[in-house]
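Structural overview for review
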Amino acid sequence: MNTVLKKAGVLSNYLTRYIGVIIVVFSIIAFFWNEGFAWTTTYTTAFLGVAMFGMGLTIKVDDFRRVFSRPKEILIGFVAQYTIMPLAAWLLCYLMDLPTDLALGVILVGCCPGGTASNVVTYIAGGDVALSVGMTITSTLAAPLMTPLLVYLLAGAWVEVSFWAMVISVVKVVLIPVLLGIFINWIWGKQIRKVSEVLPLISVVSIVMIISGIVAVNSAKILSCGLLVLGVVILHNLFGILVGLGTAKLFHIDHDKATAVALEVGMQNSGLSISLATANFAMNPLATLPGAIFSVWHNISGSVFAGIRRGEKEKAQQTLQMEQAGIQQ
């Protein structure tokens, strides 16, 4: 049994680390083999709920102590999360005069909390993973209020938004699964820890299924407006990462924590935006497209940014070691 769990853990770590590549591969397959993945759109909400439950299972009570032990960085990350990306989304939609469906989808992405992928990419970048996890927890738990409120305020110029319907949706697919996962971890923590390395696999499979399904049912529409959406998504994501990094530096946050903040701001829970578009805006089918493309792109850009930040960190460490060696001599 232990051998099986160990192998599953290795597979889980590998798939989590390369989730961006996996999403791209499955998206390409789904694009050409529509019938193989179209069925997953029926279960979009269920898949996201499972992903959020998996996230909840990894959260311990000690994580909340960690959150409250560093209020400055958590607060800066929280405010940046719910201001930079939502306002950037609205501005891009306005300046580029996007069609209603696409504008709604971009704003939905911008108003969502940080995604768990940011925690993995922060780890790859050599950033402060504990801070990244803390910011994800905080923004996710606030999502039932913040996401519907921001969508209501920013998307109202394009489409009628039902605030309370969205609140209920976010509570169902985010808050309840996450809290249930936290509760089970609190009650059966020892047993959960034995399979902790396998848990990210739950989220990986769920997110891949969500995105593949959306690509499959929108393959024809991707051909007609995919480049436009990709351009908007790239600008939105890069703006979030760079302004998030600039905000962290403005408040004199050190390198590792600044990396975590930048990635948390720029990498959204785009699976939630897809679920909300499906559940609340059935009359705007293309609203799911920005979230699907964002899910692919932010893993690519996040990995590139992680490589740059890790290189900067290693170079700074080498310089410091050389200076210390020079002083000792």
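Up top you'll find the structure we're talking about.
Each chain carries its own residue numbering, running from 1 in the written order of its sequence. Totals for whole chains, interfaces and linings use all residues, but because this is a predicted model, local features are given only for residues with pLDDT of at least 70 and pairs of side-chain atoms are given and counted only at 80 or more. Side-chain measures were taken over the full set of non-hydrogen atoms in the model, leaving aside hydrogen atoms and water.

A short note on the overall build of the chain
- Put simply, DSSP marks the helices as runs of H or I at least four residues long and the strands as runs of E at least two long, and each gets a number from the N terminus on. In terms of helices and strands, the chain carries 17 helices and 0 strands.
- Principal axes of the C-alpha set define a box for the chain whose edges measure 70 × 50 × 35 Å.
- For the chain, the accessible area works out to roughly 15400 Å², and carbon and sulfur atoms hold 69% of it.
- The sign given to each residue is positive for Lys and Arg and negative for Asp and Glu; His and the chain ends receive no count. Each charge is placed at NZ for Lys, CZ for Arg, CG for Asp and CD for Glu. With 19 positive and 15 negative side-chain charges, the chain shows a separation of 10 Å between the mean positions of the two kinds. Per-residue and other accessible areas were derived by the Shrake-Rupley procedure at a 1.4 Å probe size, with only the shown protein chains allowed to occlude residues.

Some points on a positive patch on the surface
- Taken together, the side chains of Lys 60, Lys 190, Arg 193 and Lys 194 make up a positively charged region of the molecular surface.
- Tracing the backbone through its elements, the reader meets Lys 194 in helix H12 (residues 189-194).
- Classification of Lys 194 as exposed rests on a relative accessible area of 64%. The patches described consist of residues with a relative accessible area above 30% and no salt bridge, like charges being joined within 9 Å and nonpolar side chains (Val, Leu, Ile, Met, Phe, Trp, Tyr) within 5 Å. Each salt bridge in this description consists of a side-chain nitrogen of Lys or Arg and a carboxyl oxygen of Asp or Glu lying within 4 Å of one another. Think of it in three bands: residues with accessible area under 20% of the maximum for their type are buried, residues over 50% are exposed, and the middle band is partly exposed, with areas taken using a 1.4 Å probe on protein chains only.

A look at the packing of helix H9 (residues 117-125) against helix H10 (residues 129-154)
- To obtain each axis, a line is fitted to C-alpha atoms, and for helices this fit is confined to the stretch in contact; angles are then taken between N-to-C directions over 0 to 180 degrees. Close contact between H9 and H10 brings their axes to 9 Å; oriented N to C, the two are set at 170 degrees. The angle between H9 and H10 falls in the class roughly antiparallel. Across the interface between the two elements, Ser 118, Asn 119, Thr 122 and Tyr 123 from H9 touch Val 129, Ser 132, Val 133 and Thr 136 from H10.
- Broken down by class, the residue content of the contact of H9 with H10 amounts to 3 nonpolar, 5 polar and no charged. Orientation categories follow fixed angle ranges, with anything under 35 degrees roughly parallel, anything over 145 roughly antiparallel, 65 to 115 roughly perpendicular, and all other angles oblique. It only takes one pair of heavy atoms within 4.5 Å for two residues to be counted as in contact. Ten residue types, Ala, Val, Leu, Ile, Met, Phe, Trp, Tyr, Cys and Pro, are classed as nonpolar, four, Asp, Glu, Lys and Arg, as charged, and the remainder, Gly among them, as polar.

Section: the packing of aromatic side chains
- Each aromatic pair joins two rings of Phe, Tyr and Trp (for Trp, the six-membered one) with centres within 6.5 Å, and gets the label stacked for planes under 30 degrees apart, edge-to-face for over 60, and tilted for any other angle. Scanning the model with the defined rule gives 9 aromatic pairs in all.
- Each ring, one from Trp 33 and one from Phe 37, has its centre 5.8 Å from the other, and the planes form 85 degrees; the classification is edge-to-face.
- Residue class for Trp 33 comes out partly exposed when judged on its relative accessible area of 44%.
- Their ring planes at 5 degrees and their centres at 5.4 Å tell us that Trp 90 and Tyr 94 sit as a pair that is stacked. In this pair, Trp 90 and Tyr 94 are both assigned in helix H7 (residues 84-95), 4 residues apart and thus about one turn of the helix distant.
- Within the aromatic cluster, the residues linked to one another by ring pairs are Phe 26, Trp 33 and Phe 37.

Description of the environment of Leu 131
- Mapped onto the elements, Leu 131 comes out in helix H10.
- The buried category is assigned to Leu 131, whose relative accessible area is 0%.
- It is 33 Å that separates the C-alpha atoms of Leu 131 and Val 161, two residues lying 30 residues apart in sequence.
- Once residues lying within four places of it in the same chain are set aside, the contact partners of Leu 131 are Arg 70, Glu 73, Ile 74, Lys 257, Ala 260 and Val 261.

Some remarks on the pattern of salt bridges
- Under the counting rule described, the total for this entry stands at 5 salt bridges.
- For Lys 257, the salt bridge goes to Asp 128, with nearest N and O atoms at 3.7 Å. One end of the pair, Lys 257, is in helix H15 (residues 255-266); the other, Asp 128, is in the loop between H9 and H10, and 129 residues separate them in sequence. Asp 128 matches Lys 257 in its accessibility class, with the two residues each being buried.
- Its salt-bridge partner being Arg 309, residue Glu 312 comes within 3.1 Å of it at the nearest N-O pair. Of the two residues, Glu 312 and Arg 309 are both situated in helix H17 (residues 289-328); the distance of 3 residues between them amounts to about one turn of the helix.
- Given the relative accessible area of 38%, Glu 312 is considered partly exposed.

A few points about a nonpolar patch on the surface
- A surface patch of nonpolar side chains, about 670 Å² in accessible area, is lined by Tyr 14, Tyr 18, Val 21, Val 25, Phe 26, Ile 29 and Trp 33.
- Counting residues per element, the nonpolar patch draws most heavily on helix H2 (residues 19-32), at 4 residues.
- Looking at where Trp 33 falls in the secondary structure, it is placed in the loop between H2 and helix H3 (34-37).

Considering helix H6 (residues 71-81)
- Of all the positions in H6, only Glu 73, Ile 74, Ile 76, Gly 77, Ala 80 and Gln 81 are classed as buried. On an axial view of H6, the arc spanned by its buried residues comes to 165 degrees, and they lie on one face. When the buried face of H6 is taken as reference, the exposed residues oriented beyond 90 degrees from it are Pro 71 and Leu 75. Directions from the helix axis toward the C-beta atoms define the arc.

Considering unusual backbone geometry
- One non-glycine residue, Asp 97, lies in positive phi territory at about 50 degrees.
- Its location among the elements puts Asp 97 in the loop between H7 and helix H8 (100-110).
- The phi torsion at His 252 lies on the positive side, around 55 degrees, for a residue other than glycine.
- Judged by relative accessible area, which is 72%, His 252 ranks as exposed.

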